[in-house]
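# A structural walkthrough
Listed here are the chains, written in short residue letters.
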Amino acid sequence: MSEDLTRRTAAELARALAAGEVSSVEVTQAHLDRIAAVDGPVHAFLHVSDEEALATARDVDRRRAAGEDLHPLAGVPVAVKDVVVTEGTPTTAGSRILQGWVPPYDATLVSRLKAARLPILGKTNMDEFAMGSSTEHSAYGDTHNPWDLTRIPGGSGGGSAAAVGAYEAPLAIGTDTGGSIRQPAAVTGTVGVKPTYGSVSRYGLIALASSLDQAGPVTRSVLDAALLHELIGGHDPRDATSLPEPVPPLVAAARQGLTGDLSGVRIGVVTELNGEGYQPGVRARFDEALDVLRGAGAQVTEVSCPHFGYALAAYYLILPSEASSNLAKFDGMRFGLRVVPQDGPPTAERVMAATRGAGFGDEVKRRIILGTYALSAGYYDAYYGSAQKVRTLIQRDFAAAFDQVDVLVSPTTPTTAFKLGEKLDDPLAMYLNDVATIPANLAGVPGLSVPSGLSDDGLPVGFQVLAPARADDRVYRVGAALEALLEASWGGPLLARAPELTTEGSAR
Amino acid sequence: MSTISREEVARLAGLARIDLTETELTRLAGELDVIVESVARVQEVATADVPATSHPIPMTNVFRADVVEAPLSVAQALSGAPEAQDGRFAVPQILGEDA
Amino acid sequence: MTVTTDLVPFDEAVRRYDPVIGIEVHVELGTASKMFDGAPTEFGAEPNSQVTPVSLGLPGVLPALNGKAVESAIRIGLALNCEIAELCRFARKNYFYPDVPKNFQTSQYDEPIAFDGYVELELEDGTPVRVEIERAHMEEDAGKNTHVGGAGGRIHGAEYSLVDYNRAGVPLVEIVTKPITGVGARAPEVAATYVRHLRDLFRALGVSEARMERGNVRADVNVSLRPSPDAPLGTRTETKNVNSFRSVERAVRFEIARQAAVLDSGATVVQETRHFHEDSGTTSSGRIKSDAEDYRYFPEPDLVPVAPSREWVEELRTTLPEVPAVRRRRLQQGWGFTDPEMRDVVNAGAVELIEATVEAGASPAAARKWWMGELARTAKADEVDLESLAITPAQIAELQGLVDAGRLNDKLARQVLAGVLAGEGSPEEVVTARGLEVVSDDGALETAVDAALAAQPDVVAKIRSGNLGPVGAIIGAVMKATRGQADAGRVREIVLQRVEQG
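Residues numbered from 1 in each chain as written. Chains lettered and ligands numbered in written order. Predicted model: local features only at pLDDT ≥ 70, side-chain atom pairs only at ≥ 80, totals over all residues.

### Overview of the overall build of chain A
The number of helices and strands found in chain A is 16 helices and 11 strands. Rg of the C-alpha trace for chain A: 21 Å, near the compact-globule value of 23 Å for 508 residues, within the 12% margin. Per-residue burial over chain A gives 68% buried out of 508 residues. In chain A, the proportion of contacts linking residues at least 24 apart, taken out of those at least 6 apart, comes to 76%. (Helix = DSSP H or I, 4+ residues; strand = E, 2+ residues; numbered from the N terminus. Rg over C-alpha atoms; globule rule 2.2 N^0.38 Å. Buried ≥ 20, exposed ≤ 12 C-beta atoms within 10 Å, placed from the backbone. Contact = placed C-beta atoms within 7 Å.)

### A look at the UniProt feature "domain: Amidase" (unreviewed entry) in chain A
Cross-referencing UniProt, the feature "domain: Amidase" (unreviewed entry) maps to residues 26-475 of chain A in the present numbering. As annotated, residues 26-475 of chain A comprises 38% helix and 13% strand, and the C-alpha atoms at either end are separated by 33 Å. (UniProt positions renumbered as here; feature names shortened; annotations may be inferred.)

### Considering the interface of chain A and chain C
For an interface, size is often stated in terms of accessible area lost upon the parts coming together. Counting from both sides, the interface comprises 34 residues of chain A and, opposite them, 25 residues of chain C. Elements with a contribution of two residues or more to the side of chain A that touches chain C: helix H10 (311-326), helix H11 (348-359) and helix H12 (362-375) of chain A. In terms of residues, the side of chain A that touches chain C owes the most to one element, H10 of chain A, which gives three residues. Looking at the side of chain A that touches chain C residue by residue, the classes come out as 19 nonpolar, eight polar and seven charged. (Nonpolar A, V, L, I, M, F, W, Y, C, P; charged D, E, K, R; others polar.)

### Considerations on the sheet that holds strand E10 (residues 447-454) of chain A
Residues and elements named next belong to chain A. Reading across from one edge, E1-E3-E2-E4-E6-E5-E10-E11-E9-E7-E8 is the order of the 11 strands in this open sheet, with mixed pairing throughout. Looking at strand neighbours, the two that pair on one side only are strand E1 (45-48) and strand E8 (299-303), the edges of this open sheet. Here the average twist between neighbouring strands, direction ignored, is 25°. Taken together, the two bridges between strand E5 (residues 191-194) and strand E6 (residues 215-219) define a ladder with antiparallel strand orientation. Bridge pairing links Gly192 to Val218 in E6. Here helix H16 (residues 472-490) sits on the sheet in contact with E5, strand E9 (407-411), E10 and strand E11 (460-466), set at roughly 10° to E10. (Pairing = 2+ DSSP bridges. Axes fitted to C-alpha atoms, helices over the stretch in contact; angles between N-to-C directions.)

### Notes on the sheet that holds strand E4 (residues 104-107) of chain C
The strands that make up a sheet pair up through hydrogen bonds in the backbone, lying either parallel or antiparallel. Residues and elements named next belong to chain C. In space, the three strands of this open sheet follow the order E4-E3-E14, with antiparallel pairing throughout. Each of the sheet's edge strands pairs with one partner strand only, and the pair in question is E4 and strand E14 (298-299). Note: strand E3 (residues 91-94) against E14, two bridges, orientation antiparallel. Each residue of the ladder has a partner; that of Ala91, found in E14, is Pro299.

### A closer look at the UniProt feature "active site" (unreviewed entry) in chain A
Residue and element names in this part refer to chain A. The positions UniProt marks with the feature "active site" (unreviewed entry) are Lys81, Ser156 and Ser180. The largest pairwise C-alpha distance within this set of annotated residues, which runs over 100 residues, is 10.9 Å, so the set is compact in three dimensions. Mapped onto the secondary structure, Lys81 falls in strand E2 (residues 78-81). Under the C-beta neighbour-count criterion, Lys81 is labelled buried, with 31 such atoms within 10 Å. Ignoring any residue separated from it by four or fewer positions in sequence, one finds Lys81 in contact with Thr124, Met126, Gly157, Gly159, Ser160, Ile173, Gly174 and Thr175. By secondary structure assignment, the location of Ser156 is in the loop between strand E3 (120-124) and helix H5 (158-165). Those residues in contact with Ser156 that sit more than four places away from it in its chain are Met126, Asp127, Ala130, Met131, Gly132, Thr135 and Ser180.

### A few points about the interface of chain A and chain B
Counting residues at the interface gives 58 residues for chain A, matched by 47 residues for chain B. Broken down by secondary-structure element, the contributors of at least two residues to the side of chain A that touches chain B are H10, H11, H12, helix H13 (381-404) and helix H14 (427-431) of chain A. Top element by residues in the side of chain A that touches chain B is H13 of chain A. It accounts for 11 residues. Partitioning the side of chain A that touches chain B into residue classes produces 32 nonpolar, 17 polar and nine charged.

### Remarks on the nonpolar core
Ranked by internal contacts, the top residues of the largest apolar core, which has 286 residues, are Val78, Ala314 and Leu317 of chain A together with Ala191 of chain C. Other than its neighbours up to four places away in sequence, Ala314 of chain A contacts Ala387, Val390, Arg391 and Leu442 of chain A together with Val42 of chain B. The next biggest cluster of nonpolar side chains, apart from the first, holds 47 residues, and it includes Val430, Val449, Ile475 and Ala477 of chain C. (Core = buried A, V, L, I, M, F, W, Y, C linked by C-beta atoms within 7 Å.)

### What about the pairing of strand E2 (residues 88-92) of chain B?
Most of E2 of chain B is tucked away, with four of its five residues classed as buried. With two bridges connecting them, strand E1 (residues 84-85) of chain B and E2 of chain B associate as antiparallel partners. Directly across from Gln85 of chain B, in E2 of chain B, lies its bridge partner Arg88 of chain B. The hairpin formed by E1 of chain B and E2 of chain B contains two residues between the paired strands, and Asp86 of chain B there has a positive phi angle of roughly 55°. Alignment of E2 of chain B against strand E8 (residues 160-164) of chain C, held across four bridges, turns out to be antiparallel. Bridged to Ala90 of chain B within E8 of chain C is Leu162 of chain C.

Encoded structure:
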């Protein structure tokens, strides 16, 4: 086990804390120091809550000393994506329109983190309102990929992935509407899970697309993800779409997977999520991972999901439509930015338009206008209505596939991390990053991304595992098995091969 | 064929209450045209016999008991307000007419 | 703002045009908490003290549907003889307005919880009218803007507004009629009767206090004219937020007269929203309804569909109160009122008051006498509803009990009533405080009678000679001397006794 506390997994830290080998204050301070050292160049955080985190850590240490029964993750620090509402801590969703907003309430998942006494290190950077795949659409500057600071960390949750990948936090919270947890995990060599829709409460997540959004864990190991998912998951009466039944035993599933035995597990390779458009190095690592899974006893077959080819199109109708409505509340009347036009009468209507014109970035405006179009009279049936039908077809594809196999797999993303700025002016090219992750959101099924090696360019590749709704345990089992077998072959985690970051920001 | 004209973008921006500059209008018209053309392919398979899905996980009848919970304090309620007066949110005049 | 509007006299307007009306009634449900969150719904509370993050539409919040509100909506639907949807969803109605916290209203669009119903009304003269119900759907109320500055706080001149979100999220059920045709000159009366009927129904169902003056029940009235009953429907106007029965009647009347003048002049009626002015009884133009109004409805993704089981619906059906017309016939029979008497009682909105008064022990005749007499006059003078008077049916029954026991005469009872209305306490308390009891002590009365007879010695002779006319004068004098607290009948007996004895 590493001497450096920031190199340990959350499970390792939890064990050391429980054994009294380290204090939460030491662990928390080590991560705050790491943030101070490397976050200048990485820029994973929008807000660091040093004092609050240390106060929680001190409280945990005191309670532990007093012999209190604590949650297994008590005292293990966590970073929270800035789209998640935190009482008393600024929450901006990466948007200028929310600059300086301090919420008067906590998201349900934050209440659960606080109840379990995890020190919250701060809020992580993201594409504005989670719209993007590169974190370049943040109003507060780009986040940089710890593997190569000239490259994107993925998005929208680039901040959470980079924070975990750069050892600034052992755990982070992400949200995934079309891949915003899994795609950043893939390009930063970390682990990310989008739970079944309704597994984790959406109360307090600043909504992008209500029927697609889901919060989940961002970590460096599958077991850590399971630990965090079990903590934040479960029914919440404040979210009508929250699943009524308890989260299945995920930690147990991950531990089972770590044995490396997948005998009898049927794995389906999605024909439509491989091949053309996927980088050769990405395909090579994917194929090698399939060999590893076969070696673990899994039966690997190919399964076709014929309507997945329409998923991206349906997604870029459903998401903007719901977002155009969800983002209507940002109008400068009750909270956040208010911009009064300089010329003409300052009516409510004009102040709203001026505020939204100044407060929203390009991508947000693009999608709101697109969604307004798709919902407007005369176009609804052709666009939004048709997209909802495609959603049915994709669900049917999943249902048919899961009749044949236990999990479906694909590369998480078609390519490795691209250069900052490379796709900024080409929205369609940017949207293609999520081609493999989007079907899961449309159908509400769980998906996990786990590192599967480095591509020809020396950058991480992600392997995606998808399971039926409510069977999140399967993605943990298969993901943990692949992780254990690959790490055994690599002689350690993939992240250990990332270049050292220095305070100057140059990779070694 | 152009499906989204500059005028259409201006109409949509009005509906969505977003001031756009001339440059933005022009650029968005071009971009949205490309995007809409691309996403329009959903119509290829969205035939009349396929039902629409609005919610990914089918559930019905999720009700809350009619029980009162503690409201925010007035100070909390107004804490984010750009302007407030007499315990209320101060907002600009409602219609476009001159005072 | 003085805009002169050309009007055709109403009678002439309805002679030459066939009016068609439609009414949308919004009722605020009397739930303890709001439609989609646990915020309290207390009326008249300090501004923004009845809000949670959900009511304010803060970033990140989600709605959680109040089951009691759904139950109330279904019961309203059943009481309106509607079908109850097997499955229905909420939808978002998107429009920007500062009192709508999310800039969309969570409502129902093409899938209302109840649809295809009817109600049977009875007009003042007993004419039956059937109104078809298009739909009843659930939605949430908006906050309240107070316009500050500008000319008299009107929207147009306001420099800014102050917004209170206490009302935002209060559950509403909106009930929409199909076009009501064939009622001709009685359209205004039908409209008012319909709204009153619904108000009574909401109360009988116990789903709302349904107090018009608090805006618990609000009506939007649609009016259009056509040259003849077989012509297609004309262009309609929608007069918003008409909040009393009388106003509903006046608004319809005014619109018929106004639209007739527009059509007479050869112009066309503009499809628009209009505002009703209580003071003048007129309407004025609001927003023009145009195609630009594009609400971009779509299914609310944050709420799951409502699918009331048939068992639940049938169970709720058993909780429905008696149909008002049936109930009225039953009460009338029990009370022994004539048809005109009962109609007056219904039109005065006194059915429930009389029922409660009888339940509290008064006879139906006495209860009617009070509510339709003295109290009706008081209410009319004060321009308030009977039920708004500061007296309860139980107090009326108590008052009548004092009369029946001979402790009060009619005159004293009216004084006691005035005391109760003035907030001086219960009838018994007023009697004590004001010392208003009937003087039943014969000794005191005899003394007073003797004094009166002594003051007018000539009347004794007149009475003795068989002229009973002056007895009244003596009684009057005695009543005056006892400040009206004597029982006139007893005084008469004593006077005759004394004269005989004398």
